[in-house]
Amino acid sequence: MTDGNSHNSPSDGDWDRLLERLGEASSLTDQGRWDEAFALLLQEESEFPEDPTLLCMLGVAASETSAVGAAYDFFRRCLAQQPEDPTLLATAGAGIAAGGDPDAERVLRLAAVTAPHLPITRARYGAYLAREGMLTAAIDELEAARRLDPEDVSIRIELATAYLLSDRAEEGQAELSEVLSLTPDDIWSRVLYGLALLEAGSTEEGAEQLHAASLERPLDWELHAAAAMAAAAEGWTDEAWNAVARAELAPGVDPDLIHELEEYVEAGAEAAYEFLHGELVAPMLRARLLGAV
């Protein structure tokens, strides 16, 4: 931690209080109470405006709340303090990467090089490389992270993403299957798994995965559209119409798309299959892989 540049530097007691507050905020985030954690951390910012740990935690909390637009600034301010802690570097580096900052590569590489034994440094660097199209290097980093912590599902998701972007479909599907065996309620992974299965030609199994995911993500009209076409392609007419109805109720959906979906369901399994594989699956899977966490 830094001691700031103000004339009234915090006392030892103030630092002790900050550590206690950081611990309280961390406990709140573990419970998913991000708004409360963010508010608590903000109370300390005026007194500790240059503490990199506080700034990094503010960035993480902001990214999970309605203050998401402030996250990038907190991460940049953290890095401006030139922290040496590799976890801070990895976290803040990933944070500025999300904002498209070209400095992210240097920060994430530094974290991975200085602490190659930490799963987070290898995983965050690998995830960045994958999204930048440097897939061979990305897979090397992510496989190293998996060896360091094979139970971390976030690492497995990132590795699956890199495999699928590299057209290593079977390995990508295997990773996602393992994720779902560890965390069956991970709906995002189920969506990716379903789309990957569809792209590989496993339409029935992919349709089952998308149907289950569609029921859990009511606002995701793109998912409902894919689920509708996959169900229709398998001849599951009732499930297809139900998915179309969910898409129609989702915010932001194009009414013309709804009309198109209805036409393909009515046209039968072959037409739905051709639309699903010719128009929907590949671009939807790639978009979601590039946006994965």
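Model, not experiment: these values are computed from the prediction. (Residues numbered from 1 in each chain as written. Predicted model: local features only at pLDDT ≥ 70, side-chain atom pairs only at ≥ 80, totals over all residues. Heavy atoms only, no water.)

Draft legend 1. Highlighting the packing of helix 5 (residues 86-98) against helix 7 (residues 119-131). Two numbers describe how helix 5 lies on helix 7: the axes approach to 9 Å, and their chain directions differ by 20°. Relative to helix 7, the element helix 5 lies roughly parallel. The element helix 5 and its partner helix 7 pack so that their crossing is left-handed. Taken together, the residues of helix 7 that come into contact with helix 5 (itself represented by Pro 86, Thr 87, Ala 90, Thr 91, Ala 94 and Ala 97) are Ile 120, Thr 121, Arg 124 and Tyr 128. (Axes fitted to C-alpha atoms, helices over the stretch in contact; angles between N-to-C directions. Helix = DSSP H or I, 4+ residues; strand = E, 2+ residues; numbered from the N terminus. Parallel < 35°, antiparallel > 145°, perpendicular 65-115°, else oblique. Left-handed = near helix turned anticlockwise from the far one by under 90°. Contact = heavy atoms within 4.5 Å.)

Draft legend 2. Local environment of the environment of Trp 15. Positionally, Trp 15 belongs in helix 1 (residues 12-30). Remark: the alpha-carbon pair of Trp 15 and Ala 97, spanning 82 residues in sequence, is separated by 30 Å.

Draft legend 3. Representation of the pattern of salt bridges in the model. By the definition in use, this model includes 18 salt bridges. The salt bridge partner of Asp 220 is Arg 217, with a shortest N-O separation of 3.1 Å. With a relative accessible area of 9%, Asp 220 lands in the buried category. Exposure remark for Arg 217: the relative accessible area of 26% places this residue in the partly exposed category. (Salt bridge = Lys/Arg side-chain N within 4 Å of Asp/Glu carboxyl O. Buried < 20%, exposed > 50% of the residue type's maximum accessible area, 1.4 Å probe, protein only.)

Draft legend 4. Spatial organisation of helix 14 (residues 237-249). The terminal C-alpha atoms of helix 14, which comprises 13 residues, lie 19 Å apart, in line with the 18 Å expected from a rise of 1.5 Å per residue. Along helix 14, the residues that are buried comprise Ala 240, Ala 243, Val 244, Arg 246 and Ala 247. Down the axis of helix 14, the buried set is contained in an arc of 160°. They therefore lie on one face. Opposite its buried face, helix 14 presents the exposed residues Asp 238 and Leu 249, each directed more than 90 degrees away. (Expected span 1.5 Å × (residues − 1). Arc of directions from axis to C-beta.)

Draft legend 5. Focus on the nonpolar core. Residues Leu 41, Leu 54, Leu 210, Met 229, Leu 261 and Leu 276 are the most contacted members of the largest nonpolar core, which totals 89 residues. Top element by residues in this core is helix 13 (residues 221-233). It accounts for nine residues. Apart from residues no more than four positions distant in its own chain, Met 229 is found in contact with Leu 261, Tyr 264, Val 265, Ala 272, Phe 275, Leu 276 and Leu 280. (Core = buried A, V, L, I, M, F, W, Y, C linked by side-chain atoms within 4.5 Å.)

Draft legend 6. Spotlight on unusual backbone geometry. At Gln 82, a position not held by glycine, the phi torsion is positive, near 55°. Given a relative accessible area of 66%, Gln 82 falls into the exposed group.

So far we have only geometry, and geometry alone does not tell us how the molecule works.
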